[in-house]
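Fold and geometry: a report
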Amino acid sequence: MKKNDIGVIGLAVMGSNLALNMADHGYDVALYNRTYSVGEKVMAENPHDHLHLYEALSDFVASLSAPRKIVLMVKAGAPVDRVIDGLIPLLDQGDIIMDGGNSNFRDTIRRTEAIEAQGLRYLGVGISGGEEGARFGPAIMPGGSQDAYAHVSAILEDISAKAEGEPCCTYIGTDGAGHYVKMVHNGIEYADMQLIAESYSLLKHVGGLNNDELAETFSEWNQGELESFLIEITAQIFKELDPKTGNSLVDMILDTAAQKGTGKWTAEEALNTGTDASLLTSAVFARFMSADKQARVHASKELHYDAPTIKIEDQKAFVNSVKEALYASKIIAYAQGFDLMKRASSEYGWNLNFGEIAKVFREGCIIRAKFLNRISEAYDKNSDLANLMLDSYFNEKLTTYQKSLRDVSSLAIQAGISIPAFTNAISYFDSYRNERSNANLIQAQRDLFGAHTFERIDEEGHFHHEWNE
Ligand code: NBP
């Protein structure tokens, strides 16, 4: 009997759709889920000649061709370890386990070491695109040994999204590299969403746009350099009506944003690697603040600011300024995300290829955007680019658009509208281009209270000064 090409364990939203995607590409896919009835439901709802469900894990494993290729699509964290523990006794040398969930890259590094020590092979595979992506073509970021990747590259590339005919799937680097890049993708996604949300605040509260005008504005923006999945769905959201009340649905949604952890990990990694990712991090903090609804409702009655009336003389020009501010900030968000990956690459020994990573993000994933081609071109021109903002295209855009970012940020501050991502963007830009910072004073303070020493501008070495009492 013909053996199955690949197996999928975990048949919730992501696993079932990924399996269907593989089956559509002609692969015979073995399926297993801890709760068998979940698998039965998937089979009943999606009958497919290439899908084969097994009740016993041993039968699932035995049905696979050698070397066995098994994708785990279970909840990240302890469930991944539980499934691996159950699988290991059933596998043979050289078999390949792939974790396609949002695992923490440190767990992936640990699992790679433990599993490969037993003669098996392990890949940590970042997959982005949600349900739709999994079903019809996600962006895929595989990490692990290249030898293991060679056995699964054809399947992963087949099922991935395609951008200009190229698969949005490329080998990222050893052990946790794939999950790291997926984590940073999610950190950038948080920033992209926060910047769009802040643009919404400005357009609505300062510009006075109603939801129909907002829909039209975002649709227009999606025709130009901001063209992206997130701008497209934002335009769509403003058109949607609430079936219960007939109001705009967006106005009926509670203003508390949820999060599942990858944004927080990105912020932690910024601190761990000593990277200024203040814009990305501000997007995570903004979600925390949004979730503190009760405190905000209370504070809104206690903390007052009499905002001056801000009159926008030319609404069209204001909308254009917000667009330029958004584009400039988006450049800065990606500059921080890629800087984080650059530092991680050297810290964890991954030798990441940033041009290829930008290409993988072009389709299938949530941050897919026209803009990604520019990033990949920038790294094609100079693979060792110190910061994305220094690329000639992005430099020119920042030179032109920074005025709008400064203008709308000032207006928002005057109006009392919170815009942490915009203000962090301009602050990062100004601190990165500042040849002489104010840290001379910090060093003086450190030396005065703690004898931490300082370096001098005119002489090599570390000095301590006996400060006057
Ligand atoms: P979930 O993250 O909701 O996980 C549900 C699956 O995990 C079910 O198959 C469940 O089996 C299984 N599972 C659990 Br929970 N504990 C288990 C255990 N101890 N042993 C065996 N199986 C266990 O599924 P998902 O939303 O499809 O996501 C799968 C992975 O993909 C996650 O890591 C997620 O973060 C990642 N991801 C999700 C999205 C998205 O848009 N949803 C996007 C990108 C990445 P059961 O049926 O028996 O409970």
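Residues numbered from 1 in each chain as written. Predicted model: local features only at pLDDT ≥ 70, side-chain atom pairs only at ≥ 80, totals over all residues. Heavy atoms only, no water.

**With respect to the site of the ligand**
Within the structure, the ligand sits among 20 residues, and Met14, Asn33, Arg34, Thr35 and Asn102 are positioned closest to it. Within the side chain of Arg34, a nitrogen or oxygen atom sits 2.9 Å from an oxygen atom of the ligand. Contact distances for the ligand include 3.3 Å between an oxygen atom and a backbone N or O atom of Val74. In the complex, the protein chains occlude 75% of the 910 Å² of accessible area that the ligand would expose alone. Elements supplying a minimum of two residues to the shell around the ligand: helix 1 (13-24) and helix 4 (78-87). Looking at the shell around the ligand, its residues break down into 11 nonpolar, 6 polar and 3 charged. (Near = heavy atom within 4 Å. Polar contact = N/O pair within 3.5 Å; in protein donor to acceptor, adjacent residues only side chain to side chain. Areas by Shrake-Rupley, 256 points an atom, 1.4 Å probe, with all protein chains shown as cover. Helix = DSSP H or I, 4+ residues; strand = E, 2+ residues; numbered from the N terminus. Nonpolar A, V, L, I, M, F, W, Y, C, P; charged D, E, K, R; others polar.)

**Comments concerning the UniProt feature "domain: 6-phosphogluconate dehydrogenase C-terminal" (unreviewed entry) in the protein**
The feature "domain: 6-phosphogluconate dehydrogenase C-terminal" (unreviewed entry), as given by UniProt, occupies residues 178-468 in the numbering adopted here. As annotated, residues 178-468 has a helix share of 66% and a strand share of 0%, and its two end C-alpha atoms lie 54 Å apart. (UniProt positions renumbered as here; feature names shortened; annotations may be inferred.)

**Focus on the packing of aromatic side chains**
Following the criterion strictly, the structure yields 22 aromatic pairs and no others. Plain terms: the ring middles of Phe218 and Phe238 are 5.8 Å apart, the flat faces sit at 20° to each other, and that makes the pair stacked. Here Phe218, found in helix 9 (residues 211-221), pairs with Phe238, found in helix 10 (residues 229-239); they are 20 residues apart in sequence, far enough to count as distant. Across the pair, exposure class does not vary: Phe218 and Phe238 are buried alike. Ring geometry for Phe338 against Tyr379: centres 5.5 Å apart, planes inclined by 25°, an arrangement best described as stacked. Of this pair, Phe338 sits in helix 15 (residues 315-348) while Tyr379 sits in helix 17 (residues 371-381), and the two are 41 residues apart along the sequence. Taken as a pair, Phe338 and Tyr379 share a single burial class, namely buried. Members of the aromatic cluster, each reached through a chain of ring pairs, are Tyr327, Tyr334, Phe371, Tyr393, Phe394 and Tyr401. Above the plane of the ring of Tyr190 lies Arg287, whose end atom (NZ or CZ) is 3.7 Å from the centre. (Phe/Tyr/Trp six-rings, centres within 6.5 Å; stacked < 30°, edge-to-face > 60°. Buried < 20%, exposed > 50% of the residue type's maximum accessible area, 1.4 Å probe, protein only. Lys NZ or Arg CZ within 6 Å of the ring centre and 35° of its normal.)

**Looking at the environment of Thr275**
In this fold, Thr275 is placed in the loop between helix 12 (262-273) and helix 13 (278-291). For Thr275 and Ala150, which are 125 residues apart along the polypeptide, the C-alpha to C-alpha distance reads 33 Å. Setting aside chain neighbours within four positions, we find Thr275 in contact with Ala270, Gln336, Asp339, Leu340 and Arg343. (Contact = heavy atoms within 4.5 Å.)

**Quick notes on the environment of Glu269**
By the element assignment, Glu269 lies in helix 12. For the pair Glu269 and Met341, spaced 72 residues apart in the sequence, the C-alpha separation amounts to 9.7 Å. In this structure the side chain of Glu269 is engaged in a polar contact, spanning 3.0 Å, whose partner is the side chain of Arg106. Polar side-chain contacts of Glu269 include one of 2.9 Å to the side chain of Tyr348.

**Description of the packing of helix 12 against helix 13**
For any two helices packed against each other, one specifies the crossing angle of their axes together with the interaxial distance. Direction vectors running N to C along helix 12 and helix 13 enclose 135°, while the axes themselves pass 9 Å from each other. Classified by the angle between their axes, helix 12 and helix 13 sit oblique to one another. Like other packed secondary-structure pairs, helix 12 and helix 13 cross with a definite hand, here left-handed. Across the interface between the two elements, Gly263, Lys264, Thr266 and Ala267 of helix 12 pack against Leu280, Thr281, Val284 and Phe288 of helix 13. Partitioning the contact of helix 12 with helix 13 into residue classes produces 4 nonpolar, 3 polar and 1 charged. (Axes fitted to C-alpha atoms, helices over the stretch in contact; angles between N-to-C directions. Parallel < 35°, antiparallel > 145°, perpendicular 65-115°, else oblique. Left-handed = near helix turned anticlockwise from the far one by under 90°.)

**A word on unusual backbone geometry**
Looking along the chain, the bond that leaves Ala66 and enters Pro67 is cis, with omega of -15°. Relative to the elements of secondary structure, Pro67 occurs in the loop between helix 3 (57-62) and strand 4 (69-72). In this structure, Glu164 is a non-glycine residue whose phi angle is positive, near 50°. Within the element layout of this structure, Glu164 appears in the loop between strand 8 (162-163) and strand 9 (166-167). A residue is classified by how much of its surface remains accessible, and Glu164, at 64% relative accessible area, is exposed. Here Asp175, not a glycine, exhibits a phi torsion of approximately 30°, which is positive.

**Considering the pattern of salt bridges**
Pairing between side chains becomes possible if they bear opposite charge and their charged atoms approach one another. Tallied over the full model, the rule gives 31 salt bridges. In this structure, the salt-bridge partner of Arg121 is Asp147, at a minimum N-O distance of 2.9 Å. Remark: Asp147 occurs in helix 7 (residues 146-159) and Arg121 occurs in strand 6 (residues 121-128); sequence separation between them is 26 residues. Taking the relative accessible area as the measure of exposure, Arg121 reaches 14% and is therefore buried. Residue Asp147 is classed as partly exposed on the basis of its relative accessible area, which comes to 45%. The partner of Asp255 in a salt bridge is Arg296, with the nearest N and O atoms 3.3 Å apart. A residue pair is termed long-range when its members are at least 10 positions apart, and Asp255 in the loop between helix 11 (249-252) and helix 12 and Arg296 in helix 14 (residues 293-302) qualify at 41 residues. On the basis of relative accessible area, Asp255 is assigned to the partly exposed category, the value being 37%. Three or more residues joined by partner-sharing salt bridges are found here, namely Asp81, Asp99, Asp107, Arg110 and Arg111. (Salt bridge = Lys/Arg side-chain N within 4 Å of Asp/Glu carboxyl O.)

**Regarding the UniProt feature "active site" (unreviewed entry) in the protein**
According to UniProt, the positions carrying the feature "active site" (unreviewed entry) are Lys182 and Glu189. Looking at the element boundaries, Lys182 is found in helix 8 (residues 177-206). We classify Lys182 as buried; its relative accessible area is 5%. Setting aside its immediate chain neighbours within four residues, Lys182 contacts Asn102, Gly126, Ile127, Ser128 and Met141. One polar contact links the side chain of Lys182 to the main-chain carbonyl oxygen of Ile127, over a distance of 3.3 Å. With respect to the helices, strands and loops of the structure, Glu189 is situated in helix 8. Here Glu189 falls in the buried class, since its relative accessible area comes to 15%. Apart from the residues within four sequence positions on either side, Glu189 is in contact with Leu230, Ile366 and Ile367.

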